[in-house]
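So you can see what is in the structure, the chains are spelled out below.
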Amino acid sequence: MTFENSLAFAQNLDQTDKLAHFRDEFHLIQKDGKPMVYLCGNSLGLQPKRVKAAIDQELKDWAELGVEGHFDGKNPWMYYHHFLTEKAAKVVGAKNSEVVIMNNLTANLHLMMVSFYRPTASRYKIMMEVSAFPSDQYAMETQARFHGLNPDEAIIELKPREGEYTLRTEDILAKIEENKDTLAIVMMGGVNYYTGQAFDIKTIAATAHAVGARAGFDLAHAAGNLHLQLHDWNVDFAVWCTYKYLNSGPGGTSGVFVHERHGNNPEINRFAGWWGHDEKERFLMKKGFIPMEGAAGWQLSNAQIFPMAIHKASLELFDEAGIENLRKKSELLTGYLYFILKDFTEHLTVITPEDPAQRGCQLSIIVKQDGKKLFDYLQSQNILPDWREPDVIRMSPVPMYTNFEDVFKIGEALKNYFAS
Ligand SMILES: *Cc1c(COP(=O)(O)O)cnc(C)c1O
């Protein structure tokens, strides 16, 4: 599509957008009685309006039924995770048995590493992207130590070439080849939180497997953002949070994918709890762990009903919109933002790749001078991007609730700022 930087053009795209009505499903942040252009969905997605009724239902069942809510509630708590599986599986391109919603992201990452990082004397290395999200860095560091290894020796960091901001796929694959005899696992993001770069998950997983290593992904910035196909891409495991693009509330629950070739293997090492035990026998309180089939066999505790009720309501919207449709709109919407930002290359650099295959909806921008000042100015103009030290402004026009006119407004604000 040939874009135009004009209000009429943006409004015309909004009029023909089949997903436009989903904006009304959300509480848009208001400032001085006007909705803000919210660009922080990569950090905390907006609240879907239908969440309140979903929470109220569970509060009501608890008030009226007490413990009987486990079986007699509208959504019996005993089986609660089942109610989320199908829709969550669709969002990440998995079979139902390969997905479970539970716990929080970093906790799940550790649980997956317990099962899939099994270092030996010769094959013990973990490969990850340099400057990964700190929680992932700490998780990998302490996983290495847990096995008695020195993290500086066990962890290989993938670094961009001199003078570049993002990784080249060819360099990632070469690094895997280079370490083919010692590599135990590749564990990296699906989309890097800082640069916004989306990695070629399929090719990375295939290359890791070809050298005898495993491939796991942290999809915190990819789930609900990219059109993922985890089953077909053959990744070993993946984890994600639900409060970013999946709009399921601060500190919300998390998702786990375990490929079926592992999920149905009861021999696999894991840290277990009663909720992962065979459902038919769970309340027999017997000795001897028998895992449920699939990802559900990694559950530890009884379901956290309130965060999961939020996620359940939010997943309905993804189901109604369709992740493929959202991604299609997202490519166009962020493409429009990229186009608008090109008018300001004298003042700023977009470090996220322009190629839609290498990005999600987020663009990361380095302002040549005094980025924090521009960030403050945008806020004063009812536009809310986010700021990441040392010098990046991240803008994520989320297709579920952002429109093309919002993106046009960003361009207008930048024009005014740089003209003054
Ligand atoms: C957001 C994010 C986290 C946060 O972890 P929590 O356990 O949910 O607090 C971890 N890793 C990555 C890559 C993230 O983007």
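Residues numbered from 1 in each chain as written. Predicted model: local features only at pLDDT ≥ 70, side-chain atom pairs only at ≥ 80, totals over all residues. Heavy atoms only, no water.

Undergrad: Before we go on, may I ask you to explain the overall build of the protein chain in this structure?
TA: Broken down by element type, the protein chain carries 15 helices and 15 strands. Here the protein chain has a C-alpha radius of gyration of 22 Å; the compact-globule value for 420 residues is 22 Å, and the two agree. For the C-alpha atoms alone, the extent of the protein chain along its principal axes is close to 70 × 60 × 35 Å. Put simply, the protein chain has 420 residues, and 55% of those count as buried. Looking at the protein chain alone, contacts between residues at least 24 apart form 71% of all its contacts between residues at least 6 apart. Of the roughly 18200 Å² of accessible surface on the protein chain, 51% is carried by carbon and sulfur atoms. (Helix = DSSP H or I, 4+ residues; strand = E, 2+ residues; numbered from the N terminus. Rg over C-alpha atoms; globule rule 2.2 N^0.38 Å. Buried < 20%, exposed > 50% of the residue type's maximum accessible area, 1.4 Å probe, protein only. Contact = heavy atoms within 4.5 Å. Areas by Shrake-Rupley, 256 points an atom, 1.4 Å probe, with all protein chains shown as cover.)

Undergrad: Just to check I follow, could you spell out the site of the ligand for this structure?
TA: Every residue close to the ligand is listed here: Leu105, Thr106, Phe133, Ser135, Asp136, Asp218, Ala220, His221, Tyr243 and Lys244. Here a nitrogen atom of the ligand and a side-chain polar atom of Asp136 are 2.6 Å apart. One of the side-chain N or O atoms of Asp218 is found 3.2 Å from a nitrogen atom in the ligand. Here the ligand loses 83% of its free accessible area of 390 Å² to cover by the protein chains. Only α5 (105-116) and α6 (134-146) provide two or more residues apiece to the shell around the ligand. Looking at the shell around the ligand, its residues break down into four nonpolar, three polar and three charged. (Near = heavy atom within 4 Å. Polar contact = N/O pair within 3.5 Å; in protein donor to acceptor, adjacent residues only side chain to side chain. Nonpolar A, V, L, I, M, F, W, Y, C, P; charged D, E, K, R; others polar.)

Undergrad: Just to check I follow, could you spell out the domain arrangement of the protein chain for this structure?
TA: Bring the parts together and some accessible area is lost; that lost area is often taken as the interface size. Domain annotation of the protein chain identifies domain 1 (7-47 + 323-419) and domain 2 (55-320). The gap between the C-alpha centroids of domain 1 and domain 2 is 28 Å. Tallying the contact residues gives 35 residues for domain 1 and 24 residues for domain 2. Interface area, domain 1 with domain 2, both sides summed: about 2400 Å², of which 61% is carbon and sulfur. For the pair domain 1 and domain 2, the number of links is 10 residue pairs in polar contact (both at pLDDT 80 or more). Here the element with the most residues in the side of domain 1 that touches domain 2 is helix α13 (residues 323-341); it accounts for four residues. Looking at side-chain class alone, the side of domain 1 that touches domain 2 contains 16 nonpolar, 11 polar and eight charged residues. (Domains from an automatic or database assignment. Buried area = accessible area lost by both parts, 1.4 Å probe.)

Undergrad: Honestly, the sheet that holds strand β14 (residues 386-388) in this entry has me stumped. Any pointers?
TA: Strand pairing in a sheet relies on backbone hydrogen bonds, with the paired strands running either antiparallel or parallel. In spatial order, the strands read β11-β12-β15-β14; together these four strands make up an open sheet with antiparallel pairing. Among the strands making up the open sheet, the edge pair consists of β11 (348-350) and β14. Along the sheet, successive strands turn relative to each other by an average axial angle of 30°, direction set aside. Each of β11, β12 (363-367) and β15 (392-395) is contacted by α13, which is oriented at about 15° to β12, the strand it contacts most. (Pairing = 2+ DSSP bridges. Axes fitted to C-alpha atoms, helices over the stretch in contact; angles between N-to-C directions.)

Undergrad: Looking at this model, I keep getting lost on the environment of Val235. Mind explaining?
TA: Take Val235: it is sitting in the loop between α10 (230-233) and β9 (237-241). C-alpha separation for the pair Val235 and Gln299, spaced 64 residues apart in sequence, amounts to 20 Å.

Undergrad: Can you help me understand the sheet that holds β9 in this one?
TA: As summarised here, the arrangement of the seven strands in space is β4-β10-β9-β8-β7-β5-β6, forming an open sheet in which the pairing is mixed. One side of each edge strand has no neighbouring strand; the edge strands of this open sheet are β4 (99-102) and β6 (155-158). Here the strands of the sheet are splayed against their neighbours by 20° on average, with no regard to which way each runs. Examined bridge by bridge, strand β5 (residues 125-129) and strand β7 (residues 183-189) share three bridges and lie parallel to one another. Paired with Ile126 across the bridge in β7 is Ile185. The strands touched by helix α4 (residues 82-92) within the sheet are β4 and β9, with β4 carrying the most contacts at an inclination of about 115°.

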